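Below are the chains, spelled out letter by letter.
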Amino acid sequence: MPKVGMRHVVAALVDTASEIAGQALTYKDALIATRAVAADITYDRSENKYYADDSLAESDNAATSGTISITGSEFLPEARAALFGLKVIEEGNVKIYRTTSEPSPYIGLGYMTTLIYKGKYKYFANWIHKMQFALSGENARTKGETIEWQDETATGSIMGVSIDNTGAIAFMDQVEFDTAGKAIEWLNTKAGYTPPAA
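All of the points below concern the structure found in this document. (Residues numbered from 1 in each chain as written. Predicted model: local features only at pLDDT ≥ 70, side-chain atom pairs only at ≥ 80, totals over all residues. Heavy atoms only, no water.)

## A few points about the overall build of the protein chain
If you tally the helices and strands in the protein chain, you get two helices and twelve strands. For the protein chain, the C-alpha atoms occupy an extent of roughly 70 × 45 × 40 Å along the three principal directions. Intrachain contacts of the protein chain at a sequence separation of at least 6 include 66% that bridge at least 24 residues. Summed over all atoms, the accessible surface of the protein chain reaches about 12,400 Å², with 49% contributed by carbon and sulfur. Separation of charge centres in the protein chain, based on 18 positive and 25 negative side chains, amounts to 7 Å. (Helix = DSSP H or I, 4+ residues; strand = E, 2+ residues; numbered from the N terminus. Contact = heavy atoms within 4.5 Å. Areas by Shrake-Rupley, 256 points an atom, 1.4 Å probe, with all protein chains shown as cover. Lys, Arg positive; Asp, Glu negative; His and termini not counted. Charge placed at Lys NZ, Arg CZ, Asp CG, Glu CD.)

Following this line, the structure appears as structure tokens:
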């Protein structure tokens, strides 16, 4: 099924009190991270091979971790503070967002993708249970004779978590819906995000 769209990037802080093996994580302080442009995920795998009788007899290629790059139109200051752990300082009527030596927080992150199959649209809610963004740099370019659109990309590490009694390590959930509204509602519920009143 070819993908034909992506939107609704929602994120929330992992509630550290919920980090108990075998139990689902819960989240707090949810927000819309950015207006979606692209998401790229890769997984690291163990790639352990066992040979017997002069040939490959067993192979373990289980996922051990992952990397995600989220490209958005912008990461506004409030989102940058939440996702990257910037320190917020208020001086009079001015709010300062300060990059410090403190690590970025653990978050859950989700987004919706749209696919088309045999002429019908399908909507997938994608939820990463636990991850951590890393500040990698800042880029800006001056305006020339024509506008050169400048979006932003944030890259982070995907971590495995034990969220049920199966013993399996979970990285990401994907849920199929027949409407975009249902997919977005599922993501909002997962993150604990309440959209602002219209």
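Now, onward.
## As for the packing of aromatic side chains
Two descriptors summarise a pair of aromatic rings, namely the distance from one centre to the other and the angle between the planes of the rings. Throughout the structure, instances matching the rule amount to four aromatic pairs. Residues Tyr 43 and Phe 171 carry aromatic rings whose centres are separated by 5.9 Å and whose planes lie at 65 degrees to one another, so their mutual orientation is edge-to-face. In this pair, Tyr 43 is assigned in strand S3 (residues 36-45) and Phe 171 in the loop between strand S11 (152-158) and strand S12 (172-177), connecting sequence segments 128 residues apart. Tyr 43 gets classed as partly exposed once you look at its relative accessible area, which sits at 31%. Judged by its relative accessible area of 11%, Phe 171 falls in the buried class. Their ring planes at 55 degrees and their centres at 6.1 Å tell us that Phe 75 and Phe 84 sit as a pair that is tilted. Under the relative-accessibility criterion, Phe 75 is labelled buried at 5%. Overall, the relative accessible area of 5% leaves Phe 84 in the buried class. Taken together through their ring pairs, the aromatic side chains of Phe 75, Phe 84 and Phe 133 make up a single cluster. For the cation-ring pair, Lys 130 lies above Tyr 106, with the distance from its terminal atom to the ring centre recorded as 4.3 Å. (Phe/Tyr/Trp six-rings, centres within 6.5 Å; stacked < 30°, edge-to-face > 60°. Buried < 20%, exposed > 50% of the residue type's maximum accessible area, 1.4 Å probe, protein only. Lys NZ or Arg CZ within 6 Å of the ring centre and 35° of its normal.)

## A few points about the side chain of Arg 80
The topology assignment puts Arg 80 in helix H1 (residues 77-84). Take Arg 80: its relative accessible area is 14%, and that puts it in the buried class. Not counting residues up to four positions away in its chain, the partners in contact with Arg 80 are Phe 75, Gly 85, Leu 86, Leu 135, Glu 138 and Glu 152.

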